[in-house]
Amino acid sequence: QVQLVESGGGLVQPGGSLRLSCAASGSTFSFNQQGWYRQAPGKQRELVAFITSSDSTYYADSVKGRFTVSRENTKNTVYLQMNSLKPEDTAAYSCYAVSGTYVSWGQGTQVTVSS
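Computed from a predicted structure; not experimentally measured.

How each quantity is defined
- Residues numbered from 1 in each chain as written.
- Predicted model: local features only at pLDDT ≥ 70, side-chain atom pairs only at ≥ 80, totals over all residues.
- Heavy atoms only, no water.
- Helix = DSSP H or I, 4+ residues; strand = E, 2+ residues; numbered from the N terminus.
- Rg over C-alpha atoms; globule rule 2.2 N^0.38 Å.
- Contact = heavy atoms within 4.5 Å.
- Areas by Shrake-Rupley, 256 points an atom, 1.4 Å probe, with all protein chains shown as cover.
- Lys, Arg positive; Asp, Glu negative; His and termini not counted.
- Charge placed at Lys NZ, Arg CZ, Asp CG, Glu CD.
- Pairing = 2+ DSSP bridges.
- Axes fitted to C-alpha atoms, helices over the stretch in contact; angles between N-to-C directions.
- Disulfide = S-S within 2.5 Å.
- Salt bridge = Lys/Arg side-chain N within 4 Å of Asp/Glu carboxyl O.
- Buried < 20%, exposed > 50% of the residue type's maximum accessible area, 1.4 Å probe, protein only.

> Run through the overall build of the protein, naming residues and quoting values.
Along its length, the protein carries 0 helices and 11 strands. Relative to the 2.2 N^0.38 estimate, which gives 13 Å for 115 residues, the radius of gyration of the protein is 13 Å and therefore close to what a compact globule would have. Expressed as lengths along the three principal axes of its C-alpha atoms, the size of the protein is roughly 45 × 25 × 25 Å. Of the contacts made within the protein by residues no fewer than 6 positions apart, 51% connect residues no fewer than 24 positions apart. Total accessible area on the protein is roughly 6100 Å²; 46% of this is exposed by carbon and sulfur atoms. Within the protein, one finds 9 positive and 7 negative side-chain charges whose respective centroids are separated by 1 Å.

Printed below as a string of structure tokens:
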């Protein structure tokens, strides 16, 4: 069984930056895809970004040019660098990891962008 633990959320002013981390532990794993979703109150869950085992990446239009997803295999960690944050980026961010047909989820971390 895989456990995913996120960190790095918090309160930041508009225009600021945060870096989210998602560390994996537990059973031996080889992830096909790792990424991030977010959900704001009253809104649908949104796929923000992901990175594949071949280092291909995807970004939602709303974050292109501002967010960067990366991974560090030696630490079994995936990151989401968020720059030029906007109030509309405020949400609970959750990481996920796909291994075959199994999807693991983190517990979520809150990001609040406000002055």
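> Tell me about the sheet that holds strand β3 (residues 18-26), and please be specific about residues and values.
Read across the sheet, 4 strands follow the order β1-β3-β8-β7 without closing on themselves; strand pairing throughout is antiparallel. Here the strands that pair on one side only, and so sit at the sheet edges, are β1 (2-7) and β7 (67-72). Here the average twist between neighbouring strands, direction ignored, is 15°. Sheet topology places β7 next to strand β8 (residues 77-82); 6 bridges connect them, and they run antiparallel. Within β8, the position partnered with F67 by the bridge is M82.

> Residues and numbers for the state of the cysteines, please.
The term disulfide refers to a covalent linkage connecting the sulfur atoms of a pair of cysteines. According to the stated counting rule, one finds 1 disulfide in the structure shown. Covalently, C22 is tied to C95 through a disulfide, its sulfur atoms 2.0 Å apart. Its torsion about the S-S bond being 55°, the disulfide of C22 and C95 is classed as right-handed. Pair noted here: C22 is in strand β3 and C95 is in strand β9 (residues 91-99), with a separation of 73 residues, a long-range link.

> Help me get a handle on the pattern of salt bridges, residues and values and all.
Using the criterion set out here, one finds 5 salt bridges in the structure. The salt bridge partner of K64 is D61, with a shortest N-O separation of 3.1 Å. For the salt bridge of R66 with D89, the shortest nitrogen-to-oxygen distance reads 2.7 Å. In this pair, R66 sits in the loop between β6 (57-59) and β7 while D89 sits in the loop between β8 and β9, placing the two residues 23 residues apart along the sequence. For R66, a relative accessible area of 10% puts it in the buried group. We classify D89 as buried; its relative accessible area is 1%. Salt bridges here are not isolated pairs; linked through shared partners, they connect R38, E46, R66 and D89.

Nothing here speaks to function; it is all geometry.
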